[in-house]
Amino acid sequence: LSKMATMVVANLLTDDVSSEILDELYKASREFTKSKKEAHKIIKDVIKIALKIGILYRNHQFSPDELDTVERFKKKMNQAAMTAVSFYEVDYTFDHRILSELLLECRDLLHALVEQHLTLRSHTRIDHVFNHFAHGEFLAELYGDGEEYRLYLRKICNGINKLLDEGTL
């Protein structure tokens, strides 16, 4: 899987909307970290985590309790997505603590879900991804007044809205 976790493969395995969201998250991460390599690693970790969980799910590897965790994760991720969009659409409502807390709750649910299935390295990837996107300074930049970030955020939120409308997210 580590060899497959590239943007090209992600574009082949995901729909256009999800690919565009990943592209914009990469651009925003690159801008924030000032490192193309670090931004690439973050998105690569997103892809690896998603692939591994998808494979486990499709091959019915989760117990009934873990499937309950899957549902709780889906609901929490949906809540985080709707909150992110709401903060973008409604001026002066952004509070990085709220969005950060939702993302960290998603992280914790993922850890609980894959605890019996994935290695410590995968858990480190989960931390890497969620700690980056939940970082208060990153969120403040993303939702700030900077024109570059506003463009990324607009495209991310438009994509999230499409996924929410389709029932995909």
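This one's a predicted model, so the numbers in the text were calculated from it and none came from an experiment.

Q: Even after reading the chapter, I still don't get the packing of aromatic side chains, so can you show me in this structure?
A: The relation between two aromatic rings is expressed through the spacing of the ring centres and the mutual angle of the planes. Here the structure, examined in full by the defined rule, presents 6 aromatic pairs. Each ring, one from phenylalanine 94 and one from tyrosine 143, has its centre 4.4 Å from the other, and the planes form 10 degrees; the classification is stacked. Taken as a pair, phenylalanine 94 in the loop between α4 (64–89) and α5 (96–114) and tyrosine 143 in the loop between α7 (136–142) and α8 (147–166) lie far apart in primary sequence, 49 residues in all. In this structure phenylalanine 94 comes out as partly exposed when scored by relative accessible area, which is 27%. An aromatic cluster is built from Phe32, Phe133 and Phe138, whose rings are joined through pairwise contacts.

Q: I tried to follow unusual backbone geometry on my own but got confused; where do I start?
A: Excluding glycine, residues mostly have negative phi values, and the peptide bonds linking residues are mostly trans. At histidine 60, a position not held by glycine, the phi torsion is positive, near 55 degrees. Position of histidine 60 among the secondary structure elements: in the loop between α3 (36–58) and α4. With a relative accessible area of 70%, histidine 60 lands in the exposed category. The phi dihedral of tyrosine 92 is positive, around 65 degrees, even though this residue is not glycine. If you trace the backbone, tyrosine 92 turns up in the loop between α4 and α5.

Q: When you look at the pattern of salt bridges in this model, what are you seeing that I'm missing?
A: Working definition: two side chains of opposite charge can pair if their charged atoms are close together. Under the counting rule described, the total for this entry stands at 8 salt bridges. With a closest N to O distance of 2.7 Å, lysine 76 and glutamate 105 form a salt bridge. Placement of lysine 76 in helix α4 and of glutamate 105 in helix α5 is noted, with a sequence separation of 29 residues between them. The structure contains a network of salt bridges with shared partners spanning Lys41, Asp45 and Arg125.

Q: Help me understand the nonpolar core, please; the structure alone is not making it clear to me.
A: In summary, soluble globular proteins display a tendency toward joint burial of nonpolar side chains. Residues Leu110, Phe130, Phe133 and Tyr143 are the most contacted members of the largest nonpolar core, which totals 49 residues. Elements supplying a minimum of two residues to this core: α2 (16–33), α3, α4, α5, α6 (120–133), α7 and α8. When neighbours within four sequence positions are excluded, leucine 110 is seen to be in contact with Ile49, Ile53, Phe73, Ile126 and Phe130.

Conventions used here
Residues numbered from 1 in each chain as written. Predicted model: local features only at pLDDT ≥ 70, side-chain atom pairs only at ≥ 80, totals over all residues. Heavy atoms only, no water. Phe/Tyr/Trp six-rings, centres within 6.5 Å; stacked < 30°, edge-to-face > 60°. Helix = DSSP H or I, 4+ residues; strand = E, 2+ residues; numbered from the N terminus. Buried < 20%, exposed > 50% of the residue type's maximum accessible area, 1.4 Å probe, protein only. Salt bridge = Lys/Arg side-chain N within 4 Å of Asp/Glu carboxyl O. Core = buried A, V, L, I, M, F, W, Y, C linked by side-chain atoms within 4.5 Å. Contact = heavy atoms within 4.5 Å.

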